[in-house]
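Structure assessment
What follows is each chain in one-letter form.
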Amino acid sequence: MPAIGPAASTLLLLTALMAAPAHATGDVAETETPTNRLADSASPYLRQHAHNPIDWYPWGDEAFERARRENKPIFLSVGYSTCHWCHVMARESFEDPVVGELMNRHFIAVKVDRERRPDVDEPYLLATQTLTGRGGWPNNVFLTPDLDPFFATIYEPRDALLALLHRGNELWQDAEVGLRRDGERVMAHVLELMNSRHAAEVLDAALLDTTVAELVSRHDTVEGGFDIAPKFPRESWLLLLLHHAERDGDSAALQAVKTTVDNILDGGIHDQLQGGFHRYAVDPSWRVPHFEKMLYTQAQMARVLVALYQLTGDPRYRDATRRTLDFVLTDMRDTDGGFYSAFDAEDAAGEGHFYTWTDADLAAALPRATDRALAAAHFGVIGDGPHNGRHVLHRATSIETLAAERQETVAETGFALRQVTLQLRRARDQRPAPKRDTKRVLDWNALVVIALAEAAQTLDIPIYLEAAKAALAFVDAAMVDADGTLQRVFFDGRADLPAQQRDYALLALAHLTLHDATGDARWLRSAETLAADMHHRFHDAGVGDYFMNPADSAMPRFKSRDDSAFPSGNGSALALYAALANRTLDPEHTNRATALMEALSGIVAERPAVASAALVAADRLQRGQYGPRQHLSQGRVFASARHVAGATRLSLRIEPGWHINATEPLQDYLTPTHVELLGSNGAVLAQQPTVSLPRPARKRLDYSPTELLLHEGELHIDVPTAGAHAIGLTLQACSNDVCLPPTTAQFRLPGQL
């Protein structure tokens, strides 16, 4: 369906606002504002508005029933606690008694925390984009009492908002029927965009190739990224490119990711003193960020960095992974194991003041002139900075260049820089810090668990695995109600709001990463239970995909099928079923994966770049696993490769009750376990070092009249890999009753693209 423009009465409203001056009201004497309905909300964002003179309602039946009873339009304002422009509009307008008096007289005002309610945020953001051609937060939408949007805007200054409220009320009084009709049309359009059924298409490797080639062509080859400004990391695209690089040896895709990540790591979007990443940059060079730090940004950037390290072996990505996850563990984790949502873009001195520096700030923090000179040169603190005259620290000059200028070794300059960085960090810690949003959001916590478990396996850091387990223990203890329903948000000692489809999908994927990391079958069983619960609560049997919100929502049921700041709900569900199909013998997982892929295929084929999570999942489902961790023989054997200098440790974990054959089995009809080194073209190297497996066990099983030579449990094989591009593995898994067909796998070595 083509995009529709603003309807007739909406155009009338816009025209009237453009032609009329802001409504002159005079000032109202300041009075003490009472606490409104938001004071007890389980949302830091809503509590920020608890003392507004506006009679705010939280999203719910009480507000809707009053709107219908009094036949008033709803003024819906959607934002989040760490949003800079939400704060600006609050100070200018929502804290103003004139605005409050006008809003209370003519509208039912409703506040929504977008992070709690993506099922409200996403459709109304799409409505705003449909009506205005732009979107963002705060997202302010005028609704009919039936919740249909007829006009929308984002940030507005106080006088413009006053004019908008006056004209909106006048039009509601004079043209209510037309506005209702317009709202119905806009909502129908939003439903069509989010829920439409597309004819099935073929999702194959050719579509993946084309999508990756398009992203590579869009890539900024100098600064990295895919936009001009503002610039977002777009982690879903980076993970898609890394998937293609690893599976298909695409060096151009890998280079696009490296260029982007290297520039991000050097830029101001990366916190040079503490680690972690701001949400996006406002300039093309990643130097000046929008200063909020979101939990989901840390989780997904950590996953990108882990995958980059696995592919390249470059210690820079290993170190950046550790800095990112260490920041999350020290500054975004509660003692109960759960992870907080975000740090604000603002602090007591204004937007970004906490993170920015002047020459005078350096002088106060670094008494020695040589230290100041080193910091100024490395971090680019020279003259007036680009953020209100202040500088965002970035890597302006490399350590190698500084070492040459200082006539030192790189190690000596690196040590000096580390000491300077510690001093700057101590000085910054004395400043008033940005506020922290301490609510725990379920799918965001799940993303962190996935990142921690993957990093624990790749980098061999046990504390990351323990932190992942603790986070899931917190979810079990605090975010499940008495009847077993997951709750989406935990804040101020209580959990509320039934979880949405993406919560279930990502939490199940988090359980699977713990299964992969530990071999504990409980995590696999709990992932299957979560998948079944998701299917029961959210499945659209008529189409084959999943609604994002439960059946008892006040809103229509919408579907999450496009990736945004994190993977879509349906893309995550497809990844979940593809992963379960690789790990179990249950055909139901394969059946559901196939049905979901078919339901999504038309949408993915039409706009694959915004459905990259589903595209990667479909590729894994159809072409099998690839990468450093693979489930072989229908999940009976888990194989992982971890690279160290000059060698690779290949680890095999065999499910209890199963075994694999020795390198030289005693029976000709059994396939031996074989490890080999492969060249750049996949051919076996003509000369390769001998790879020895641990000593096999001798056992007699029911199906064999003679003894067998076999391996059970866990075994680790250290493979010298000099000159090779990949490791090939062949094995056959057998139980006491059956032998599965032989299977082969490849593990790409780092730095070989």
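Below, the structure is looked at part by part. (Residues numbered from 1 in each chain as written. Predicted model: local features only at pLDDT ≥ 70, side-chain atom pairs only at ≥ 80, totals over all residues. Heavy atoms only, no water.)

Thoughts on the layout of surface pockets
Summary: where empty space remains is shown by rolling a probe the size of a single water molecule over the atoms. For the second largest pocket, the calculated volume is near 890 Å³. Lining the second largest pocket are 29 residues; nearest its centre among them are Q272, R323, R395, I399 and R418. At the level of secondary structure, the elements contributing two or more residues to the lining of the second largest pocket comprise helix 10 (251–266), helix 12 (315–331), helix 14 (369–379), helix 15 (399–406) and helix 16 (410–428). Among the elements that line the lining of the second largest pocket, the one with the most residues is helix 12, at eight residues. Here the lining of the second largest pocket is built from residues that sort into 10 nonpolar, nine polar and 10 charged. (1 Å grid on protein atoms, 1.4 Å probe; cavity = no way out; pocket = protein on both sides within 12 Å on 5 of 7 lines; lining within 4 Å. Points joined across faces, edges and corners; volume = space filled by probe spheres on them. Helix = DSSP H or I, 4+ residues; strand = E, 2+ residues; numbered from the N terminus. Nonpolar A, V, L, I, M, F, W, Y, C, P; charged D, E, K, R; others polar.)

Observations regarding the sheet that holds strand 28 (residues 743–748)
Strand order across the open sheet formed by three strands is 22-26-28, with antiparallel pairing between neighbours. Sheet topology places strand 22 (674–678) and strand 28 at the edges, where each strand pairs with a single neighbour. Neighbour-to-neighbour, the strand axes of the sheet open up by a mean angle of 20 degrees, direction not taken into account. Judged from the six bridges that link them, strand 26 (residues 726–731) and strand 28 form a sheet pairing that is antiparallel. The residue bridging T730 from the neighbouring strand is T744, located in strand 28. (Pairing = 2+ DSSP bridges. Axes fitted to C-alpha atoms, helices over the stretch in contact; angles between N-to-C directions.)

Observations concerning the pairing of strand 26
Consecutive side chains of a regular strand alternate in pointing toward one face of the sheet and then the other. Counting buried positions over the six residues of strand 26 gives six, a clear majority of the element. Examined bridge by bridge, strand 22 and strand 26 share five bridges and lie antiparallel to one another. Bridged to L678 within strand 26 is A726. (Buried < 20%, exposed > 50% of the residue type's maximum accessible area, 1.4 Å probe, protein only.)

Quick notes on the sheet that holds strand 4 (residues 139–143)
Taken together, five strands build an open sheet; the order of strands is 1-3-2-4-5 and the sheet is mixed. Because the sheet does not close on itself, it has two edges, and the strands there are strand 1 (57–58) and strand 5 (149–153). Pairing between strand 4 and strand 5: four bridges, direction antiparallel. Bridge assignment links F142 to a residue of strand 5, and that residue is F151. Here helix 3 (residues 61–70) sits on the sheet in contact with strand 1, strand 2 (74–79) and strand 3 (108–113), set at roughly 155 degrees to strand 3. (Contact = heavy atoms within 4.5 Å.)

A short note on the packing of aromatic side chains
Following the criterion strictly, the structure yields 23 aromatic pairs and no others. Between F150 and W172 the ring centres are 5.9 Å apart and the planes differ by 20 degrees, which places this aromatic pair in the stacked class. In this pair, F150 sits in strand 5 while W172 sits in helix 7 (residues 158–195), placing the two residues 22 residues apart along the sequence. Here F150 matches W172 in class, with each residue buried. Pairwise contacts between aromatic rings join W56, F75, F94, F107, F142, F150, F151 and W172 into one cluster. The side chain of K111 reaches across the aromatic face of W56, ending 5.1 Å from its centre. The residue whose ring lies beneath K559 is F547, and the NZ or CZ to ring-centre distance is 4.9 Å. (Phe/Tyr/Trp six-rings, centres within 6.5 Å; stacked < 30°, edge-to-face > 60°. Lys NZ or Arg CZ within 6 Å of the ring centre and 35° of its normal.)

Thoughts on the packing of helix 22 (residues 587–606) against helix 23 (residues 612–623)
It is at 11 Å that the axes of helix 22 and helix 23 come closest, and there the two elements cross at 135 degrees. Classified by the interaxial angle, the pair formed by helix 22 and helix 23 is oblique. As helix 22 packs across helix 23, the resulting crossing turns out to be left-handed. Residues A593, T594, M597, L600 and V604 of helix 22 lie in contact with helix 23, whose contacting residues are A614, L615, A618, L621 and Q622. Taken together, the residues that form the contact of helix 22 with helix 23 break down as eight nonpolar, two polar and no charged. (Parallel < 35°, antiparallel > 145°, perpendicular 65-115°, else oblique. Left-handed = near helix turned anticlockwise from the far one by under 90°.)

Describing the pattern of salt bridges
The full count for this structure, using the stated rule, is 59 salt bridges. Of the charged contacts in the structure, one is a salt bridge between R247 and D619, with a shortest N-O distance of 3.0 Å. One end of the pair, R247, is in helix 9 (residues 235–248); the other, D619, is in helix 23, and 372 residues separate them in sequence. When salt bridges with common partners are traced through the structure, they connect R37, D55, E62, R66, E70 and K72 into a single cluster. (Salt bridge = Lys/Arg side-chain N within 4 Å of Asp/Glu carboxyl O.)

Here's the deal with the state of the cysteines
Enumeration over the complete set of coordinates arrives at one disulfide. Across the disulfide, C734 is cross-linked to C739 (sulfur-sulfur distance 2.1 Å). Residues C734 and C739 are joined by a disulfide whose S-S torsion is about 110 degrees; by sign, that bridge is right-handed. On the basis of relative accessible area, C734 is assigned to the buried category, the value being 0%. (Disulfide = S-S within 2.5 Å.)

Points about empty space enclosed by the protein
Tallying each qualifying case throughout the model produces four cavities of 30 Å³ or more. Looking at the largest cavity, its volume works out to about 1100 Å³. If you go around the largest cavity, you meet 41 residues; those closest to its centre are R303, I450, E454, V616 and R620. Going through the elements one at a time, helix 9, helix 11 (295–312), helix 17 (442–459), helix 19 (501–518), helix 21 (569–583), helix 23 and strand 18 (629–632) are the ones with two or more residues in the lining of the largest cavity. It is helix 9 that provides the largest number of residues to the lining of the largest cavity, a total of seven residues.

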